[in-house]
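Listed here are the chains, written in short residue letters.
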Amino acid sequence: MSTISTNALAGPSPAALAGGAGSSALGRDEFLQLLVAQLRNQDPTSPQNGHEFAAQLAQFSQVEQLTNISASMAGQARQVAALAGAIDGLRAGQAGMTSQLTGRIDLQSATALIGQTVEMAGATVAWAGTGEAPIPVRLDGAAREVEVTIRDADGALVRTMRTGALSEGDHELSWDGALDDGSAAPEGAYTVSVSALGPEGEPVRATAVTRGTVDRLTVERDGLFLWVGGRPIPFQSLLSVVPGGA
């Protein structure tokens, strides 16, 4: 009767079994196959030492614990991932509802402005070829100089005007239709922008203002627009509603 050395059939070490714990079924099967082979083929005249047998059982117990811990951690990771996904979905839904609600409120507010006189940030001058075109300007602080730039429909700069010192508040500037080269501007619409410097040369917030009656409103891809003087202006540019249409 041939015998198989118990050393040759000894089970893998705890480190080796732990390293193979990536596949839990394979680790257990290997250990059990080796253990059964040892018991069947041990030398009857020199049976396996009980201490070695107990050590191998302890190794199997360690592998089993590592496998269970790994499976538990994987399950927890899946639960955390599912919870994070649910939270993200909830936040996205809340953001969508907020956006829709804000849009409805804006539309209701804008509808009530039709026929009202308003002031909007950003100015367009409709030059008729004669007289002077008013340019309302609002300063958030005292300025030693205010610069007004006027551009044509193509965005080309056609006139730069500078004022002296102005106090904080609203001011009614005007443009006589002259271009920087001294010639007269052709009739049409021109955009206006303003900038200002404070007493110490610091920037002062300056806003060119469009004042007029809201004719209608439109809902575009970019949002809600109020039409003032034939020009669409974003609803967010609304500065104030003039009482009594003054």
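Looking now at the pattern of salt bridges. Evaluation of the coordinates by the stated rule reveals eight salt bridges. Across the pair E147 and R162 runs a salt bridge whose closest N-O atoms are separated by 2.8 Å. Taken together, the residues E147 in strand β4 (residues 145-151) and R162 in strand β5 (residues 157-162) connect sequence positions 15 residues apart. Judged by relative accessible area, which is 53%, R162 ranks as exposed.

Moving on, we come to the nonpolar core. I135, L139, V148, I150, W175 and V192 are the most contacted members of the largest nonpolar core, which has 25 residues in total. Counting only elements with at least two residues in this core, the list comes to β2 (123-127), β3 (133-139), β4, β5, β6 (169-175), β7 (188-197) and β9 (206-220). Other than its neighbours up to four places away in sequence, V148 contacts I135, R159, T160, M161, L173, V192, S193 and V194. Judged by nonpolar contacts, the second largest core, of eleven residues, contains M120, L217, I233 and F235.

We now examine the packing of aromatic side chains. The full count for this structure, using the stated rule, is two aromatic pairs. Seen in terms of ring centroids, W127 and W175 are 5.5 Å apart; in terms of plane orientation they differ by 45 degrees. Their pairing is tilted. Taken together, the positions of W127 in strand β2 and W175 in strand β6 put the pair 48 residues apart, joining distant regions of the chain. W175 carries the same exposure label as W127, and that label is buried.

The element strand β10 (residues 223-228) is extensively covered by neighbouring structure, given that five of its six residues are classed as buried. Two elements, β9 and β10, share six bridges in a ladder whose sense is antiparallel. When the sheet's bridge partners are listed, R216 is paired in β10 with W227. Hairpin connection of β9 to β10: two residues between the antiparallel strands. As paired strands, β10 and strand β11 (residues 231-234) are joined by four bridges and run antiparallel to one another. Bridging across to β11, V228 finds its partner in R231. Where β10 hands over to β11, the hairpin turn is made up of two residues, of which G229 adopts a positive phi near 60 degrees.

Before going further, it helps to examine the pairing of strand β1 (residues 117-121). Counting buried positions along β1 gives four out of five residues, so the element sits mostly inside the fold. Where β1 and β9 come together, five bridges link them in antiparallel fashion. Residue pairing for β9: M120 is matched across the bridge by T210. For β1 and strand β12 (residues 238-241), the ladder comprises three bridges, and the chain directions are antiparallel. The residue of β12 that forms the bridge with M120 is L238.

With respect to the helices and strands, A128 occurs in the loop between β2 and β3. Judged by relative accessible area, A128 falls into the partly exposed class, the value being 48%. A128 sits 57 residues away from A185 along the chain, and the two C-alpha atoms are 9.4 Å apart.

Basis of the calculations
Residues numbered from 1 in each chain as written. Predicted model: local features only at pLDDT ≥ 70, side-chain atom pairs only at ≥ 80, totals over all residues. Heavy atoms only, no water. Salt bridge = Lys/Arg side-chain N within 4 Å of Asp/Glu carboxyl O. Helix = DSSP H or I, 4+ residues; strand = E, 2+ residues; numbered from the N terminus. Buried < 20%, exposed > 50% of the residue type's maximum accessible area, 1.4 Å probe, protein only. Core = buried A, V, L, I, M, F, W, Y, C linked by side-chain atoms within 4.5 Å. Contact = heavy atoms within 4.5 Å. Phe/Tyr/Trp six-rings, centres within 6.5 Å; stacked < 30°, edge-to-face > 60°. Pairing = 2+ DSSP bridges.

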